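If you want the building blocks of each chain, they are given just below.
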Amino acid sequence: MASALAQADGETARPARGLTEIPDTELGLMRGRYTVGNDAVLWFGVSMVSTWQTAAGQTLQGQLDFGFDFSRGTPTVSYRPSVTITAEDAPLPVAQGQRSVDSAGLANVSGMVQSVQVAGDGNVAGNVTSLTVRDGEAPAAIAAAGGRHAEAAAAGMSASAGFDGGEARILLQVDGHGAAEQWIRAGSLGQSIRLGSDGQAVGNQLHLDLVRQSLPANAALDQGVAQAISLTRGLGGHL
């Protein structure tokens, strides 16, 4: 018994066989091998809507819908820009003096941007952004209407929506009264309202839609086993 205990103590004192320290080079190879969750992105859609109602009753609207369909492996893109200007014959309100706002600094901001700058009275302005994450099937592709860009202009007003140089953008402008804008470009997603007038009602809405499809239970199990095996890389012994 004593001999057995001494042998056991000796084995305890010795380091376990088959275990080696994993060098940094091995750890570097293991990065990115773990995937969180058991679902796949099928669809990513964007809907941008900007509206402007002037004090004289004109209404400007720009809308841009586009989506990325990943359900077939290779992403496919669909899009639809549209713009409208109503009550074009109504006279524009007279611009009030030298009121102005400067938003040039927004071009240097990355990430999510929301800005409202107002130099006037009785205005209503707001930016709204929402994100929906849901499970289901990819929706039908957005039907294109008239190409990648749409624009309209009348009596000192202009509205445009579309894609330009890798940027998705909506821009509404009323001469002497301001501008409303939304954009998505590399490193930046934003909404901006700039008013130098009275009695204007302006709004930007941006909705992001993410559709996921859950993997079957056996697929999730297979994925977990594969990840566990890959994580044993660099361990010694008989694994």
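Structure: above.
Residues numbered from 1 in each chain as written. Predicted model: local features only at pLDDT ≥ 70, side-chain atom pairs only at ≥ 80, totals over all residues. Heavy atoms only, no water.

Participant: Is there a simple way to explain the overall build of the protein chain in this structure?
Facilitator: Helix and strand counts for the protein chain stand at three helices and 11 strands. Order of helices (α) and strands (β) in the protein chain, N terminus to C terminus: α-α-β-β-β-β-β-β-β-β-β-β-β-α. The proportion of buried residues among the 239 residues of the protein chain is 29%. Taking the intrachain contacts of the protein chain between residues at least 6 apart in sequence as the baseline, contacts between residues at least 24 apart amount to 64%. (Helix = DSSP H or I, 4+ residues; strand = E, 2+ residues; numbered from the N terminus. Buried < 20%, exposed > 50% of the residue type's maximum accessible area, 1.4 Å probe, protein only. Contact = heavy atoms within 4.5 Å.)

Participant: Sorry if this is basic, but what is going on with the sheet that holds strand β6 (residues 149–154) here?
Facilitator: Whether parallel or antiparallel, the strands of a sheet pair through hydrogen bonds between backbone atoms. Strand order across the open sheet formed by six strands is β4-β10-β9-β8-β7-β6, with mixed pairing between neighbours. Either end of the sheet is taken by a strand with one partner, and the two such strands are β4 (111–118) and β6. Strand-to-strand twist in this sheet, taken as the mean axis angle between neighbours without regard to direction, amounts to 5°. As paired strands, strand β8 (residues 167–174) and strand β9 (residues 178–185) are joined by seven bridges and run antiparallel to one another. Bridge pairing links Ala168 to Ile184 in β9. (Pairing = 2+ DSSP bridges. Axes fitted to C-alpha atoms, helices over the stretch in contact; angles between N-to-C directions.)

Participant: I'm lost on the nonpolar core in this one. Help?
Facilitator: Proteins that are soluble and globular tend to have nonpolar side chains buried together. Core analysis: the biggest nonpolar cluster contains 25 residues, and Met48, Trp52, Phe66 and Ile184 have the highest contact counts within it. Sorting the residues of this core by element identifies β1 (39–53), β2 (59–69), β3 (76–86), β7 (157–164), β8, β9, β10 (188–195) and β11 (201–214) as the ones contributing at least two each. (Core = buried A, V, L, I, M, F, W, Y, C linked by side-chain atoms within 4.5 Å.)

Participant: Quick question: what am I supposed to make of the pattern of salt bridges here?
Facilitator: It is possible for side chains bearing opposite charge to pair when their charged atoms get close. Applying the stated criterion to the full structure yields seven salt bridges. Arg80 is paired through a salt bridge with Asp65; the nearest N and O atoms lie 3.5 Å apart. Of this pair, Arg80 sits in strand β3 while Asp65 sits in strand β2, and the two are 15 residues apart along the sequence. Salt bridges linked by common partners bring Arg169, Glu181 and Arg194 together as one network. (Salt bridge = Lys/Arg side-chain N within 4 Å of Asp/Glu carboxyl O.)

Participant: Explain the packing of aromatic side chains here, please?
Facilitator: Think of a pair of aromatic rings as described by two things: how far the centres are apart, and how the planes are tilted against each other in angle. A full pass over the atoms with the stated rule returns three aromatic pairs. A ring pair is formed by Phe66 and Phe68, whose centres lie 6.0 Å apart and whose planes are at 85°; its orientation type is edge-to-face. Judged by relative accessible area, Phe66 falls into the buried class, the value being 5%. Taken together, a centroid distance of 5.2 Å and an interplanar angle of 70° make the contact between Phe66 and Phe163 edge-to-face. Separated by 97 residues along the polypeptide, Phe66 in strand β2 and Phe163 in strand β7 bring together distant segments of the chain. Each member of the pair, Phe66 as well as Phe163, is classed as buried. Feature note: the residues Phe66, Phe68, Tyr79 and Phe163 constitute an aromatic cluster, connected by ring pairs. The ring of Tyr79 carries Arg148 above its face, with NZ or CZ at 5.6 Å from the centroid. (Phe/Tyr/Trp six-rings, centres within 6.5 Å; stacked < 30°, edge-to-face > 60°. Lys NZ or Arg CZ within 6 Å of the ring centre and 35° of its normal.)

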